[in-house]
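Structural characterization, general
The primary structure of each chain is shown beneath.
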Amino acid sequence: MSTPSAPRSQRHPSPTGRSGAVSKRPATATARTAGTAAVEPALDVRDRILDTASRLFYGRGVRAVGVDLVVLEAAVAKTSLYRYFPTKDDLIVAFLEREDLEFWAQWDGVALRFPDDPAGELDAHMLWIGERLARSNYRGCPQINVAAEFAEQDHPARQVSQRHMQALRGRLLDIANRLNVPRPKQLAAQLAVLVNGAFVSSGLLSPEEATGVLRGALKALLAGARADA
C-alpha cells in the first residue's frame, strides 16, 4: 500500500483519450508496506487499481496483463485488489464499464449542442471521433479490442462490449429517425459500420486524414439515404 505521505492522484488523460485519474505513485516496496490501508481512503485504492489496470489493459491487451503486474504497478497488496475486484474478470468489466460511461458522456456533450440538427450532430461526432483516431496513443476502441480477445459469447466482458455496440446502434437509429430518411434502420446500420470500422482501422489512416475520411463518408451516406426518398 502507499505511504501516508504519497501525493494524491492527479487528473490526466486516460489511455483512450478521455479524462481519468492516473496514479503517479511509484511501485516501491515501501509503498506496499502492510498496515497502511487504514490511512488511505478506500476509494483512492480502488481507483488506483482500476486506473492502473485500465492503462495496462488498453496498452497491452487484457490477456497479456496478469493481476500480479497490476498489483506491482498500482503499488497495492494483492489482497487489496481482490477486495475490490474478486476476479480478473471483475476488473476487466469495471474497466469497460468506466470506458463506456466516459464514451457516452463525450457523445452526450456533443449531442446537446445539436438538439434540432441531426445532420450537424452526426458531423460533430465524426469530428471528435476523427480527432481521437489521430491521437498518438490511440490503439482502437477498448470495447472492440476486448471482445476480440474472448470468443466465449457469455463472457462478462464480451457482454459489456455487446451492450456498448447495441447502444451505439440505438443512438444512431434515433438520429436517423430525426433525419426523416426513408430507411432509417438501414442508415443507422451503415453509420454503425462507419464508426466501428474507423475504430478498428485507425492504423490505416494517417492523423491528418482520419477526420476528413469520416466526414466524407458521412456526407456520402446521407446523400444516398436522402436520394432514396
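Residues numbered from 1 in each chain as written. Predicted model: local features only at pLDDT ≥ 70, side-chain atom pairs only at ≥ 80, totals over all residues. Heavy atoms only, no water.

The secondary structure content of the protein chain amounts to nine helices and two strands. For the protein chain, the succession of helices and strands along the chain, N to C, is β-β-α-α-α-α-α-α-α-α-α. In the protein chain, which comprises 229 residues, the share counted as buried stands at 45%. Put simply, of all contacts in the protein chain between residues at least 6 apart along the chain, 68% involve residues at least 24 apart. Total accessible area on the protein chain stands at roughly 11,300 Å², and carbon and sulfur atoms take up 55% of it. (Helix = DSSP H or I, 4+ residues; strand = E, 2+ residues; numbered from the N terminus. Buried < 20%, exposed > 50% of the residue type's maximum accessible area, 1.4 Å probe, protein only. Contact = heavy atoms within 4.5 Å. Areas by Shrake-Rupley, 256 points an atom, 1.4 Å probe, with all protein chains shown as cover.)

Bringing the confidence of the model for the protein chain into the picture now. Looking at the protein chain as a whole, the pLDDT averages 84, with 81% of positions reaching at least 70. Here strand E2 (residues 19-22) is the element of the protein chain with the lowest mean pLDDT, 37, and helix H2 (residues 67-74) is the one with the highest, 97. Taken together, the stretch residues 18-39 has pLDDT below 50 and engages in 55 contacts with residues farther than four places along the chain or on a different chain. (pLDDT = per-residue confidence, 0-100.)

For any two helices packed against each other, one specifies the inter-axial angle together with the distance between the axes. Where helix H4 (residues 88-111) meets helix H7 (residues 156-179), the axes come as close as 8 Å, and the angle between the chain directions of the two elements is 15°. With respect to each other, H4 and H7 are oriented roughly parallel. Viewed along their axes, H4 and H7 form a crossing whose handedness is right-handed. Residue-level contacts link Asp89, Ile92, Val93, Leu96, Glu97, Asp100, Phe103, Trp104, Trp107 and Asp108 of H4 to Pro156, Ala157, Val160, Ser161, Arg163, His164, Ala167, Leu168, Arg171, Leu172 and Ile175 of H7. (Axes fitted to C-alpha atoms, helices over the stretch in contact; angles between N-to-C directions. Parallel < 35°, antiparallel > 145°, perpendicular 65-115°, else oblique. Left-handed = near helix turned anticlockwise from the far one by under 90°.)

On to H7. Here H7 is 24 residues long and its end C-alpha atoms lie 35 Å apart, about the 34 Å a rise of 1.5 Å per residue gives. Taken as a whole, H7 has its buried residues at Ala157, Arg158, Val160, Ser161, His164, Leu168, Leu172, Ile175, Ala176 and Leu179. Residues of H7 that are buried sit in contact with H4, helix H5 (118-133), helix H6 (142-149), helix H8 (184-200) and helix H9 (210-227). Two residues or fewer after H7 comes Asn180, characterised by a positive phi angle close to 60°. (Expected span 1.5 Å × (residues − 1).)

This next bit is on H9. The end-to-end C-alpha separation of H9 is 26 Å, in line with the 26 Å expected for 18 residues at 1.5 Å each. Looking at H9, one finds that the buried residues are Ala210, Thr211, Leu214, Leu218, Leu222 and Ala225. Taken around the axis of H9, the buried residues stretch over an arc of 95°, which confines them to a single face. The outward face of H9, more than 90 degrees from its buried face, is lined by the exposed residues Lys219, Ala220 and Ala227. On its buried face, H9 is in contact with H5, H7 and H8. (Arc of directions from axis to C-beta.)

Tallied over the entire structure, the rule returns eight salt bridges. Among the salt bridges present, the one from Arg55 reaches Glu73, with a minimum N-O distance of 2.8 Å. A residue pair is termed long-range when its members are at least 10 positions apart, and Arg55 in helix H1 (residues 42-60) and Glu73 in helix H2 qualify at 18 residues. You can call Glu73 partly exposed: its relative accessible area is 25%. (Salt bridge = Lys/Arg side-chain N within 4 Å of Asp/Glu carboxyl O.)

Let's shift gears to the side chain of Asp51. Summarising the element assignment, Asp51 is placed in helix H1. Overall, Asp51 belongs to the buried group, its relative accessible area being 3%.

This next bit is on unusual backbone geometry. Phi is positive for Ala75, close to 60°, though the residue is something other than glycine. Within the secondary structure, Ala75 is located in the loop between H2 and helix H3 (78-84). Judged by relative accessible area, Ala75 falls into the buried class, the value being 0%.

In this section: the environment of Gly61. Summarising the element assignment, Gly61 is placed in the loop between H1 and H2. Gly61 gets classed as buried once you look at its relative accessible area, which sits at 6%. Gly61 has contacts with Leu56 and Glu149, leaving out every residue within four places of it along the chain.

So, on to the nonpolar core. Counting residues in hydrophobic clusters, the biggest one holds 59 residues, and the most contacted among them are Leu91 and Phe199. Elements with a minimum of two residues in this core: H1, H2, H4, H5, H6, H7, H8 and H9. The greatest single-element share of this core, amounting to ten residues, is contributed by H4. Leave out the neighbours within four places in its chain, and Leu91 touches Ile49, Leu50, Ala53, Phe57, Val70, Leu81 and Phe85. (Core = buried A, V, L, I, M, F, W, Y, C linked by side-chain atoms within 4.5 Å.)

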